[in-house]
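Residues per chain are reported as follows:
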Amino acid sequence: MIITDVQVRHFLSTTRRHSDSAGHAHPGPPHQVKTSILTIRTEDGHEGHSFTVPEIVRPHLIDKFVRTVLIGQDHRDRERLWQELAHWQRGSAAQLSDRTLAAVDVALWDLAGRALNQPVYKLIGAYRDKVRAYGSIMCGDELEGGLATPEDYGRFAETLVARGYTGIKLHTWMPPVSWAPDVRMDLKACAAVREAVGPDIHLMIDAFHWYSRVDALELGRGLEKLGFDWIEEPLDEQSMSSYKWLADNLDIPVVGPESAGGKHWHRAEWVRHGACDILRTGVNDVGGITPALKTMRMAESFGMDCEVHGNTAMNLAVCAASRNCRWYERGLLHPFLEYDDGFDYLNQLSDPMDAQGWVHVPDRPGIGEDINFDFIENNRVT
Ligand SMILES: O=C(O)[C@H](O)[C@@H](O)[C@@H](O)C(=O)NO
Ligand SMILES: [Mg+2]
């Protein structure tokens, strides 16, 4: 049970997802990206893994903080190890981020599951073994036949419904798209999707994250006429009072915060101040499965749903172990990409979705990722 080693390996993975200058994903030609796998080992040979990017597990963080806290400790002491790492953040000169805490926490949960030959969502305490998915569409673009017009969104939404999705979230156009942001265009895309899919498909929007209060209000009121389920991140989430103002002035539920820091502590303040109608968490956003569950349970005690940000097995595990979230965010999707092709370093999808829109939680030991270790070794880089 005692942790004896923490290892980081880097390898090249091929993807067609490219990040724009604002960090949003768009399709492009295949290219190789450097990916990292963090492995935590115990004296009796058990291992737990998590995937991230090299900057999140760079040597300074692993040597100064992660190894210092973990080596020699009982791997089952996740709460104590998480708390110790979280306390190191204050003295890390902002070097130790919630993303690094998440990578460590996920690997510890994966280790616990693999050591006990149990899926993590069952270790947490499962609520269900399948979760309804919404298709999370990529931000708009200026690609011919991509997501360049409201009609493009409408056509793509039809294909998503045909695939089985019963919910669809639009990320609309944002800079660096030349003419974005534009509330009217956002509403035209939303109207085109509603027209294309009919009244029974659940629709949500994740809008330009820095609209003014007035623009966000106009957007929200337009979405109310289109019967959208929620409006997400239309304002800068650093202004909790702006979200309270928006939630007070809209009927459509306001979801958040996604990207704001502060983990479950700050999300408790959003609830206390009425800054959202539906809370939001995400394993990477709050520093791991451990704080994501704290956020979820806190929301439940206020009678609130808490929707989970992001795909992958770690977020699916949180959804599967919780009653008060309605969806799994499956994405990001684009007409030019085939999401079901998965990742080259995994032998199979961690979030397979049936034709009725249900994602079935893998019952594999650990987080649920079927890792292709041969691929990782054959594509290792320093
Ligand atoms: O970069 C982002 O804003 C997020 O990754 C976004 O694309 C998407 O993941 C999101 O916001 N989902 O709710
Ligand atoms: Mg979002």
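Structural data are supplied above this passage.
Given the structure is predicted, the values throughout are model-derived calculations rather than measurements.

A. Here's a closer look at the packing of helix α1 (residues 59-70) against helix α3 (residues 98-116). For the pair α1 and α3, the least separation of the axes is 12 Å and the interaxial angle reads 40°. Relative to α3, the element α1 is oriented oblique. For the pair α1 and α3, the crossing hand works out as right-handed. Facing L61, V66 and L70 of α1, the residues of α3 in contact are T100, V104 and L108. Residues belonging to the contact of α1 with α3 are distributed by class as follows: 5 nonpolar, 1 polar and no charged.

B. Examining empty space enclosed by the protein more closely. One pass over the structure, following the stated rule, counts 2 cavities of 30 Å³ or more. Roughly 40 Å³ of internal volume is contained in the largest cavity. Lining the largest cavity are P119, V120, Y121, A313, L316, A317, V361, P362, G366 and I367. Of all the secondary structure elements, the ones that give two or more residues to the lining of the largest cavity are α4 (120-124) and α12 (312-320). In terms of residue count, α12 provides more of the lining of the largest cavity than any other element does, 3 residues in total. Its boundaries defined by the atoms lining it, the second largest cavity holds a volume of some 30 Å³. Residue lining of the second largest cavity: R78, L81, W82, L85, L101, V104, D105 and L108, and that is the complete set. Of all the secondary-structure elements, those providing two or more residues to the lining of the second largest cavity are α2 (78-90) and α3.

C. Here's a closer look at the site of ligand 1. Around ligand 1, a shell composed of G23, H24, K169, H171, D206, H209, E232, E258, R280, H309, E329 and L332 is seen. Within the side chain of E232, a nitrogen or oxygen atom sits 2.8 Å from an oxygen atom of ligand 1. Separating an oxygen atom of ligand 1 from a side-chain N or O atom of E258 is a distance of 2.7 Å. For the shell around ligand 1, the elements supplying multiple residues, two or more each, are β5 (167-171) and β11 (328-333). A class-by-class count of the residues in the shell around ligand 1 yields 1 nonpolar, 5 polar and 6 charged.

D. Quick look at the coordination of the magnesium ion (ligand 2). Taken together, the protein ligands of the magnesium ion (ligand 2) are D206 (OD), E232 (OE) and E258 (OE), with distances of 2.0 to 2.1 Å. Ordering the donors of the magnesium ion (ligand 2) by residue number gives the pattern D-x25-E-x25-E. With D206 in strand β6 (residues 202-206) and E232 in strand β7 (residues 230-232), the pair connects residues that are 26 residues apart, well separated along the chain. Residue classification places D206 among the buried positions, given a relative accessible area of 2%.

Criteria and thresholds
- Residues numbered from 1 in each chain as written.
- Chains lettered and ligands numbered in written order.
- Predicted model: local features only at pLDDT ≥ 70, side-chain atom pairs only at ≥ 80, totals over all residues.
- Heavy atoms only, no water.
- Axes fitted to C-alpha atoms, helices over the stretch in contact; angles between N-to-C directions.
- Helix = DSSP H or I, 4+ residues; strand = E, 2+ residues; numbered from the N terminus.
- Parallel < 35°, antiparallel > 145°, perpendicular 65-115°, else oblique.
- Left-handed = near helix turned anticlockwise from the far one by under 90°.
- Contact = heavy atoms within 4.5 Å.
- Nonpolar A, V, L, I, M, F, W, Y, C, P; charged D, E, K, R; others polar.
- 1 Å grid on protein atoms, 1.4 Å probe; cavity = no way out; pocket = protein on both sides within 12 Å on 5 of 7 lines; lining within 4 Å.
- Points joined across faces, edges and corners; volume = space filled by probe spheres on them.
- Near = heavy atom within 4 Å.
- Polar contact = N/O pair within 3.5 Å; in protein donor to acceptor, adjacent residues only side chain to side chain.
- Donors = N, O, S within 2.8 Å, 3.2 Å for Na, K, Ca; no water.
- Buried < 20%, exposed > 50% of the residue type's maximum accessible area, 1.4 Å probe, protein only.

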